[in-house]
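An overview of the molecular structure
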Amino acid sequence: MIGGVLAFGFCLRIFERPLYPYSGMDFSEYENAFWCVIVTMTTVGFGDLYPVTIPGRFVGFVACLWGVLVVSLMVVALSNLLIMNSGEFNSLLILRRLRFKEELRSLAAFVLTSAIRYRYIVKHFPDNTSK
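So, here is what we can say about the structure in this document. (Residues numbered from 1 in each chain as written. Predicted model: local features only at pLDDT ≥ 70, side-chain atom pairs only at ≥ 80, totals over all residues. Heavy atoms only, no water.)

1. Brief notes about the environment of asparagine 85
Within the secondary structure, asparagine 85 sits in the loop between helix H4 (54–82) and helix H5 (86–124). In this structure, the C-alpha to C-alpha distance between asparagine 85 and valine 59, residues 26 residues apart in sequence, is 40 Å. (Helix = DSSP H or I, 4+ residues; strand = E, 2+ residues; numbered from the N terminus.)

2. So, unusual backbone geometry
We note that threonine 43 has phi near 55°; this positive angle belongs to a residue other than glycine. By secondary structure assignment, the location of threonine 43 is in the loop between helix H3 (30–41) and H4.

3. Observations concerning the state of the cysteines
The full count for this structure, using the stated rule, is zero disulfides. For the unlinked cysteine cysteine 11, the closest cysteine sulfur is that of cysteine 36, found at 13 Å. Note on cysteine 11: relative accessible area 31%, which makes it partly exposed. Distance from the sulfur of cysteine 36, which forms no disulfide, to the nearest cysteine sulfur (cysteine 64) is 11 Å. We classify cysteine 36 as buried; its relative accessible area is 4%. (Disulfide = S-S within 2.5 Å. Buried < 20%, exposed > 50% of the residue type's maximum accessible area, 1.4 Å probe, protein only.)

4. Focus on the packing of helix H1 (residues 2–16) against H4
The relative placement of two packed helices is expressed as an angle between their axes plus a distance between the axes. The contact between H1 and H4 brings their axes to 9 Å, and the two run at 165°. By the angle between their directions, the pair H1 and H4 is classed as roughly antiparallel. The chirality of how H1 crosses H4 is left-handed. Touching Gly4, Phe8, Cys11, Leu12, Phe15 and Glu16 of H1 are Pro55, Gly56, Val59, Val62, Ala63 and Trp66, all from H4. A class-by-class count of the residues in the contact of H1 with H4 yields nine nonpolar, two polar and one charged. (Axes fitted to C-alpha atoms, helices over the stretch in contact; angles between N-to-C directions. Parallel < 35°, antiparallel > 145°, perpendicular 65-115°, else oblique. Left-handed = near helix turned anticlockwise from the far one by under 90°. Contact = heavy atoms within 4.5 Å. Nonpolar A, V, L, I, M, F, W, Y, C, P; charged D, E, K, R; others polar.)

5. Some remarks on the packing of aromatic side chains
Here a ring pair, both rings aromatic, is described through the centre-centre distance and the interplanar angle of the planes. Here the structure, examined in full by the defined rule, presents three aromatic pairs. For the ring pair phenylalanine 10 and tyrosine 30, a centre distance of 6.3 Å and an interplane angle of 15° mean the geometry is stacked. Here tyrosine 30 lies in helix H3 and phenylalanine 10 lies in helix H1, a separation of 20 residues in the sequence. Its relative accessible area of 33% is what places tyrosine 30 among the partly exposed residues. Both rings, one in tyrosine 30 and one in phenylalanine 34, keep their centres 5.9 Å apart while their planes meet at 25°; by these two values the pair is stacked. Placement of the pair is tyrosine 30 and phenylalanine 34 together in helix H3, with a separation of four residues, close to one helical turn. On the basis of relative accessibility, which here comes to 21%, the residue phenylalanine 34 falls in the partly exposed class. Members of the aromatic cluster, joined through ring pairs, are Phe10, Tyr30 and Phe34. Note that arginine 13 overlies the ring of tyrosine 30, its terminal NZ or CZ placed 4.2 Å from the centroid. (Phe/Tyr/Trp six-rings, centres within 6.5 Å; stacked < 30°, edge-to-face > 60°. Lys NZ or Arg CZ within 6 Å of the ring centre and 35° of its normal.)

Set out below in structure tokens:
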């Protein structure tokens, strides 16, 4: 992406710099040319700087296509990094099953201890069960 910004910015500056007095677009500095290319590559298009000559417009068009291609490749690479493969999915499934078994075991232990406590209370305090 950076190489594209540098190459297209340099080309845009070469094509647009001679027409600065007539067009009012100041491409005499590299920063303005790079800014125009970055805005074009990301398809933002503020409109503060734009090419006027035919070769400059062609450079802008190619920079736009190149930017869309590079950004889409970065998005695809990032989405592929975030998608789980089959091994990761199976590991997650096993961890979920283990957590479920542990929760079930603690719930069963709670039910058993509650039953034992209830039996103890009924056996040792028979007067409180009728109320």
